[in-house]
Amino acid sequence: MAVTILGILWRDLTTAQRSSTALWVVNSDTPATNVVEAGFHVYPSLYQDSKLHFFIFWTADGYKSTGCYNLKCQGFVMVNWDILTPGDIIDNGPQTGDWLLFREDTGKPQLIGYWPKSLFTTLDKSASTVRWGGSVSYLSDATGPPMGSGHYASELEGKAAYIKNIQLFNSEGQSYDLLDGAQNPYTDKIDCYNVSALVNSGRYGYQDGCMFYFGGPAGCTS
Ligand SMILES: *[C@@H]1O[C@H](CO)[C@@H](O)[C@H](O)[C@H]1NC(C)=O
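For every chain, the first residue of the written sequence is number 1, and numbering continues from 1 onward in sequence order. In keeping with the predicted nature of the model, local features appear solely for residues at pLDDT of at least 70, side-chain atom pairs appear and are counted solely at 80 or more, and the whole-chain, interface and lining totals rest on all residues. Note that water and hydrogens are dropped before the side-chain values are worked out from all heavy atoms of the structure.

Colleague: Teacher, can you tell me more about the sheet that holds strand β9 (residues 129-137) here?
Modeller: Hydrogen bonds between backbone atoms are what pair the strands of a sheet, whose relative direction is either parallel or antiparallel. At least two bridges found by DSSP between two strands is the condition for calling them paired. By the criteria applied, helices consist of DSSP H or I runs no shorter than four residues and strands consist of E runs no shorter than two, each listed in order from the N terminus. Read across the open sheet, the five strands follow the order β5-β4-β3-β2-β9; overall the sheet is antiparallel. The sheet is open, and its two edges are formed by β5 (68-69) and β9, each paired on a single side. In terms of strand pairing, strand β3 (residues 34-42) meets strand β4 (residues 53-59) through seven bridges, oriented antiparallel. Across the sheet, the residue bridging to Phe40 is Phe54, located in β4.

Colleague: I tried to follow the side chain of Arg18 on my own but got confused; where do I start?
Modeller: Tracing the sequence through the fold places Arg18 in strand β2 (residues 18-27). To sort residues, take the accessible area from a 1.4 Å probe on protein chains only and compare it with the maximum for the residue type: under 20% means buried, over 50% means exposed, and anything in between is partly exposed. Positive residues here are Lys and Arg, negative ones are Asp and Glu, while His and the chain termini are left out of the count. By definition, a salt bridge exists where a carboxyl oxygen of Asp or Glu is found within 4 Å of a side-chain nitrogen of Lys or Arg. Within the buried core, Arg18 has no salt-bridge partner, and the shortest N-O distance to an opposite charge, that of Glu37, equals 5.6 Å. Counted as a polar contact is a pair of N or O atoms within 3.5 Å, where, for protein atoms, one must be capable of donating a hydrogen and the other of accepting one, and residues adjacent in sequence contribute only when both atoms are in side chains. A polar atom in the side chain of Arg18 sits 2.5 Å from the side chain of Ser20. Polar contacts involving the side chain of Arg18 include one to the side chain of Ser135, which spans 3.2 Å. Setting aside residues no more than four positions away along its own chain, Arg18 makes contact with Leu13, Val42, Tyr43, Tyr69, Ser135, Val136, Ser137 and Pro145. Working rule for contacts: check all heavy atoms of both residues, and any pair within 4.5 Å makes them a contact.

Colleague: Is there a simple way to explain the nonpolar core in this structure?
Modeller: Nonpolar side chains in soluble globular proteins generally cluster together in the buried interior. Here the nonpolar core consists of buried residues drawn from Ala, Val, Leu, Ile, Met, Phe, Trp, Tyr and Cys, with membership extended through side-chain atoms lying within 4.5 Å. With 29 residues, the main nonpolar core has Trp115 and Trp132 as its most contacted residues. For this core, the secondary-structure elements that each account for two or more residues are β2, β3, β4, β8 (110-115), β9, β10 (161-169) and β14 (210-215). Among the elements that take part in this core, β10 stands out by supplying four residues, more than any other. Ranked by size, the runner-up nonpolar core spans 10 residues in total, among them Ala22, Val35, Leu46 and Phe55.

Colleague: Any chance you could explain the pattern of salt bridges here in plain terms?
Modeller: Pairing between side chains of opposite charge can happen when the charged atoms of each approach one another. The full count for this structure, using the stated rule, is three salt bridges. We note a salt bridge from Asp124 to Lys125, for which the minimum N-O separation is 3.4 Å. Residue Lys125 is classed as exposed on the basis of its relative accessible area, which comes to 67%. The partner of Asp208 in a salt bridge is Lys164, with the nearest N and O atoms 3.2 Å apart. Highlighted residues: Asp208 in the loop between β13 (199-200) and β14 and Lys164 in strand β10, separated in sequence by 44 residues.

Colleague: Mind showing me how you'd approach the site of the ligand here?
Modeller: Taken together, Tyr152, Ser154, Asn194 and Val195 make up all the residues around the ligand. A distance of 3.3 Å separates a nitrogen atom of the ligand from a polar atom in the side chain of Ser154. One of the side-chain nitrogen or oxygen atoms of Asn194 is found 2.3 Å away from an oxygen atom of the ligand. For every accessible area listed, the method is Shrake-Rupley and the probe measures 1.4 Å; residues are considered covered only by the protein chains on display. Contact with the protein chains hides 48% of the accessible area of the ligand, taken as 360 Å² for the molecule alone. Throughout this document, a residue counts as near a molecule or strand when at least one of its heavy atoms sits within 4 Å of that molecule or strand.

Colleague: Looking at this structure, I do not really get the environment of Tyr186. What am I missing?
Modeller: Structurally, the position occupied by Tyr186 is in the loop between β11 (175-177) and β12 (194-195). Given the relative accessible area of 65%, Tyr186 is considered exposed. In this structure, the C-alpha to C-alpha distance between Tyr186 and Arg131, residues 55 residues apart in sequence, is 9.6 Å.

Colleague: Could you clarify how one ought to interpret the sheet that holds strand β7 (residues 99-103) in this entry?
Modeller: Ordered by their spatial adjacency, three strands build an open sheet running β6-β8-β7, and the pairing between neighbours is antiparallel. Of all strands in the sheet, those bounded by a partner on one side alone are β6 (77-78) and β7. Bridge count between β7 and β8: five bridges; the pairing is antiparallel. Looking at the pairing, Trp99 lines up with Trp115 of β8.

Colleague: Looking at this structure, I do not really get the confidence of the model for the protein. What am I missing?
Modeller: Parts of the model with low pLDDT should not have their predicted coordinates read in detail. Per-residue confidence from the predictor is given as pLDDT, running between 0 and 100. Looking at the protein as a whole, the pLDDT averages 87, with 89% of positions reaching at least 70. Considering each helix and strand of the protein separately, the mean pLDDT is smallest for strand β1 (residues 2-5), with a value of 59, and largest for β5, with 97.

Colleague: Just to check I follow, could you spell out the state of the cysteines for this structure?
Modeller: Here, the word disulfide means a covalent bond between the sulfur atoms of two cysteines. Counting rule for disulfides: a pair of cysteine sulfur atoms within 2.5 Å. For the structure on display, the rule yields two disulfides. Sulfur-sulfur distance for the disulfide between Cys68 and Cys73 comes to 2.1 Å. On the S-S bond that ties Cys68 to Cys73, the torsion sits near -85°, and the link is left-handed. Residue Cys192 pairs covalently with Cys220 via a disulfide, S to S 2.0 Å.

If you want it as structure tokens, here you go:
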């Protein structure tokens, strides 16, 4: 799948807070939930700073003992274009079953790396769910950090954070838009953080593809 993320996050987080904007590819079948995740976050206890970081994550056992953030454990395989020799075989075409991570903001898709399917117990075949959005964490006796840009979804363009140009790809590598009504917007603290409907912006004369807004300010007390 492909997305454009605006992850302008408030930088002022306390050590026990985390705020992320990401996409998740999940298979929650037995024996255990498998997840790959990529996005941007502010996570002071992971980095000892309040800067915005690009991050990746994986787990093959429902966040118990496998997987990690970034390259803190073995698993994600970096593809380093700097040390590629012309003629090298790049052995992960669309049919390998590995989960490939590209960046496209540089004009043409560049492979950052991949999660080999051998890491997983259920994601080695397919995903059952893909998710896009924001996620925060904080201690139960403290207040919440901002999500997204710190504005509610309903503040829309120029204020609220968004995820745009959401597309899925079929096994032939052809992209297609999400079907109307085939998604479930989800929020578990509706008073603090919310999410707009997913719309195909083309219908309103915009070129942002399928998109939605999300987020909320700091200070959540529930
Ligand atoms: C989000 O929450 C704000 C503040 O409570 C509210 O004004 C707005 O209508 C909500 N928007 C959505 C899309 O739920």
